[in-house]
Amino acid sequence: MKQLKGIAASPGIACGLAFIYAPLDLSIPDRAPDDAPVEWERCRGAFSAAMGQLQDLRSKAALEFGEAEAAIFDAHKMILCDPDLEEELKAELQTGATAEAAVDTVFRRVISSFEELEDPLFRERAADFADVHSRLLCILLHIQKQSLARLDSPVIIVALDLLPSDTAQMDRARVRGFCTARGGALSHTAILARNLGLPAVTGLGDGVLALADQSQIIVDGNEGVVIAEADEQQWNDYQQRAQASMRARAADETDAHRPAVTLDGLQVEVVANIGLPGEEVGALQAGAEGIGLLRTEFLFTGRHVAPGEDEQFEAYRPIFETMGNLPVIARTLDIGGDKPAPFLNLPGEANPYLGFRAVRIGLARPEMLKTQLRALLRAGYNHTLRIMFPMVATVEEMQAALGLVEESRLELANRGLPFAEAVEVGTMIEIPSAALISDQLAPHVDFFSIGSNDLTQYTLAADRGNPAVAWLTDSLHPAVLRLVDYVIHQAHAAKIWVGMCGEMAGDLDAIPVLLGLGLDEFSMGAASIPAAKALIRRLSVEGTKDLARQALAQPGAPSVRTLVRNWRQAQEKNAL
Amino acid sequence: MPEINLTIRNQVGLHARPAVLFVQSAQSFQSDIRALKGGKEVNAKSFKSILALAVNQNDEIIVRAEGPDADLALEALSRLVAANFGEP
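Description of the structure in this document.

Procedures and definitions
- Residues numbered from 1 in each chain as written.
- Chains lettered and ligands numbered in written order.
- Predicted model: local features only at pLDDT ≥ 70, side-chain atom pairs only at ≥ 80, totals over all residues.
- Heavy atoms only, no water.
- Helix = DSSP H or I, 4+ residues; strand = E, 2+ residues; numbered from the N terminus.
- Buried < 20%, exposed > 50% of the residue type's maximum accessible area, 1.4 Å probe, protein only.
- Contact = heavy atoms within 4.5 Å.
- Areas by Shrake-Rupley, 256 points an atom, 1.4 Å probe, with all protein chains shown as cover.
- Phe/Tyr/Trp six-rings, centres within 6.5 Å; stacked < 30°, edge-to-face > 60°.
- Lys NZ or Arg CZ within 6 Å of the ring centre and 35° of its normal.
- Salt bridge = Lys/Arg side-chain N within 4 Å of Asp/Glu carboxyl O.
- Axes fitted to C-alpha atoms, helices over the stretch in contact; angles between N-to-C directions.
- Parallel < 35°, antiparallel > 145°, perpendicular 65-115°, else oblique.
- Left-handed = near helix turned anticlockwise from the far one by under 90°.
- Nonpolar A, V, L, I, M, F, W, Y, C, P; charged D, E, K, R; others polar.
- Pairing = 2+ DSSP bridges.
- Expected span 1.5 Å × (residues − 1).

The next point concerns the overall build of chain A. A tally of helices and strands in chain A yields 22 helices and 17 strands. Sorting the 576 residues of chain A into buried and exposed places 53% on the buried side. At a minimum sequence separation of 6, the contacts of chain A that also span at least 24 residues come to 68%. Of the roughly 24700 Å² of accessible surface on chain A, 53% is carried by carbon and sulfur atoms.

Looking only at helices and strands, one finds three helices and four strands in chain B. Order of helices (α) and strands (β) in chain B, N terminus to C terminus: β-α-β-β-α-β-α. The 88 residues of chain B split such that 51% are buried. Total accessible area on chain B is roughly 4000 Å²; 47% of this is exposed by carbon and sulfur atoms.

Our next topic: the environment of Leu 535 of chain A. Residues and elements named next belong to chain A. Tracing the backbone through its elements, the reader meets Leu 535 in helix H20 (residues 529-537). Considering only alpha carbons, one finds Leu 535 and Pro 512, 23 residues apart in sequence, at a separation of 8.3 Å. For Leu 535, the residues in contact, after removing those within four places along its chain, are Leu 508, Ile 511, Pro 512 and Arg 568.

So, on to the packing of aromatic side chains. Residue and element names in this part refer to chain A. In this structure the tally under the stated criterion is three aromatic pairs over all chains. Between Phe 114 and Phe 129, the ring centres sit 4.9 Å apart and the planes meet at 20 degrees, which makes this aromatic pair stacked. With a gap of 15 residues between them, Phe 114 in helix H4 (residues 99-115) and Phe 129 in helix H6 (residues 126-140) connect regions that are remote in the sequence. On the accessibility criterion, Phe 114 (1% relative accessible area) is buried. With relative accessibility at 1%, the residue Phe 129 sits in the buried group. Across from the ring centre of Phe 313, 4.3 Å away, lies the NZ or CZ of Arg 378, which sits over that ring.

Residues and elements named next belong to chain A. Scanning the model with the defined rule gives 48 salt bridges over all chains in all. For Arg 182, the salt bridge goes to Asp 206, with nearest N and O atoms at 3.5 Å. A residue pair is termed long-range when its members are at least 10 positions apart, and Arg 182 in the loop between strand S5 (175-180) and helix H8 (188-196) and Asp 206 in the loop between strand S6 (200-202) and strand S7 (216-220) qualify at 24 residues. Look at Arg 182 and you get partly exposed, because its relative accessible area is 32%. Owing to a relative accessible area of 44%, Asp 206 belongs among the partly exposed residues under this scheme. Between Glu 253 and Arg 249 there is a salt bridge, with its nearest N and O atoms 3.5 Å apart. Taken together, the residues span about one helical turn, with Glu 253 and Arg 249 both in helix H9 (residues 232-254) at a distance of four residues. By relative accessible area, Glu 253 is classed as partly exposed at 39%.

Take the packing of helix H17 (residues 452-459) of chain A against helix H18 (residues 478-493) of chain A next. A pair of packed helices is captured by two measures, namely the crossing angle of their axes and the spacing between those axes. All names here are of chain A. Orientation of H17 relative to H18, taken along the N-to-C sense of each, is 125 degrees, at an axis distance of 10 Å. Classified by the angle between their axes, H17 and H18 sit oblique to one another. The interaxial crossing formed by H17 with H18 has right-handed handedness. Residue-level contacts link Leu 455, Thr 456 and Thr 459 of H17 to Ala 479, Val 480, Leu 483 and Val 484 of H18. For the contact of H17 with H18, the per-class residue count stands at five nonpolar, two polar and no charged.

Residue and element names in this part refer to chain B. A sheet is described by the order of its strands in space; here four strands give the open sequence S1-S4-S2-S3, paired in antiparallel fashion. Every interior strand has two partners, whereas the edge strands, strand S1 (3-7) and strand S3 (40-43), have only one. Across the sheet, the mean angle from the axis of one strand to that of its neighbour is 25 degrees, orientation sign disregarded. Two strands pair when backbone bridges link them, and strand S2 (residues 32-37) and S3 are joined in this way by four bridges, in the antiparallel orientation. Bridging from a neighbouring strand, Arg 34 pairs with Asn 43 of S3.

The backbone of Gln 214 of chain A shows a phi angle near 70 degrees, a positive value even though the residue is not glycine. Assignment of secondary structure puts Gln 214 of chain A in the loop between S6 and S7. Here Gln 214 of chain A falls in the partly exposed class, since its relative accessible area comes to 42%. A positive phi is found at Phe 85 of chain B, a non-glycine position, where the angle reads about 60 degrees. Here Phe 85 of chain B falls in the buried class, since its relative accessible area comes to 2%.

What follows deals with the sheet that holds S6 of chain A. Residue and element names in this part refer to chain A. In spatial order, the strands read S1-S8-S7-S3-S4-S5-S6-S2; together these eight strands make up an open sheet with mixed pairing. The sheet terminates laterally at strand S1 (2-5) and strand S2 (7-10), the two strands that pair on one side only. Recorded for the sheet is a direction-independent mean angle of 30 degrees between the axes of neighbouring strands. Pairing of strand S4 (residues 155-159) with S5, which is carried by five bridges, proceeds in the parallel orientation.

Helix length check: H4 of chain A, at 17 residues, gives a terminal C-alpha distance of 24 Å against a target of 24 Å (1.5 Å per residue), a fit within 8%. Along H4 of chain A, the residues that are buried comprise Ala 99, Glu 100, Ala 102, Val 103, Asp 104, Val 106, Phe 107, Val 110, Ile 111 and Phe 114 of chain A.

We now examine H17 of chain A. Residues and elements named next belong to chain A. Taken across its eight residues, H17 has seven buried, putting it largely inside the fold. Taken together, the buried positions of H17 are occupied by Ser 452, Asn 453, Asp 454, Leu 455, Thr 456, Gln 457 and Tyr 458. The elements touched by buried residues of H17 are H8, strand S14 (424-429), helix H15 (432-436), strand S15 (447-450), H18 and strand S16 (497-500). Immediately beyond the C-terminal end of H17, within one or two residues, lies Ala 461, with a positive phi of roughly 50 degrees.

Okay, structure coming up:
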């Protein structure tokens, strides 16, 4: 038996076969070159094989994702029939390089020349050349590029770390769980796993990649361990637990449409975070009572021209129509920094998380923000629209943002268009300064929504995307809990409500503490909703108050988690 | 050698789909075709080199052609640009 310890990133247990998703090793092996014409034939062979792959990918993409997505492969095909590149390759081969070394040298040179371009739009094209570069090297070096898109059997994915580009085409139906060497509780893999309701253990160290491919492994997302080479008894034991947790999950799903009322009769609002039109349908099916966070970045990222008011209106409207009278909280544009949008033409920043992003951009470009506000106000007509602003740090910003809402209303009224009149306007609380002046912000707004992911990384000064410090970014740290406690107090003193829309809101360890602190609304990924509602129904607000006080006094996040888990076990024993 | 001045009007410049169309069109002629912007001259049949010119919206480029179908090539390229690469 071999046991690896990592971070319990997403709860649940899975037993299955390991699928080692290894990073590509494209280093060029030493090989004595043949004559230049022979090496040239190798290059040509690789180019024509790559062309065949791209034709294939293009037709699949056109069918599955549409012409716009497919067009990217046209650019890649053009790279394969570029006379200048051909000349450079031939020149390289004349110096006695092997085919693979020549491709590597020429493409690296092109990639770095694009990376040096001043114009960000053209600089980005380096990615196309990098893609073709690795495609050609895979062919020349006979490396089978792994893909998560077509899995033959159910697997547990074992990877260094997973990026959105790895998981976008993942064959979700065949994935049972995740183990990653890097990453923390807030990494892409962790969030994805929780959204899919699958167990995940992250931050296991590079040793996890040495597990044998196709070997039987166990992922225990409750305890944060991965077990390989388990004996028969252990394997059976875990399989029973995995089945029991699947049964519990199925029972929670049956009950998901009932409201989340605590044992002492308080009804808590449980709503969903969504990031794309259409996701509201899944959210409703999972038992969401509204949308607590509609991320609007999908309309803006990767765009070379900002979307206009009508385009935005058309994109938002179906979401409101599906939701009927249930509340939808739209967060205004949260781009910049790590979420680039080419049309903004922003220079690179040394410190994007502390840079020009979110409402800071919106206030500096009020026409752009007002365009979005008008589109939202129009789409929310006859529905329950709520608006909130991301990354507010000061009262002045809040006032300026509210001023733009007023201007947008006036502009629509002047144009005689119907728009939502009674709209609650709130702010995200995700910067420590906003939490600390929440008493000053509260009189200006109708609600707060605590963005626990950013609040955690700013409070602990740890980038959640940086594997070296990811372990620090656990939202259950008492420093974060104390800020949450303070914000809820100030909000309730000002008679406004407080929600939370970060990962923490769906974290089963956090929910009892947040309930005890008095949180009014929990917004989470749709897959977390059934279990969260089931848990809330087993809790009482009075009973969790004492737990919350103890949590605030703990020395760190791990001890808060231990405290809550022991408390829950004791509760469940009492209930039996 | 015949040459023409072209102003690229479409929103993204010679990038993405327009760059593909421009280079594909150039490649369909036998003549040697060169594109010039700001003192830099490149082979208009090379996708890499056309992209590296970084031609933005409203930039002006000079296109030169030499060979049996030089005039036809220039006419085709200027029509493509005038039609905004088929974009609205």
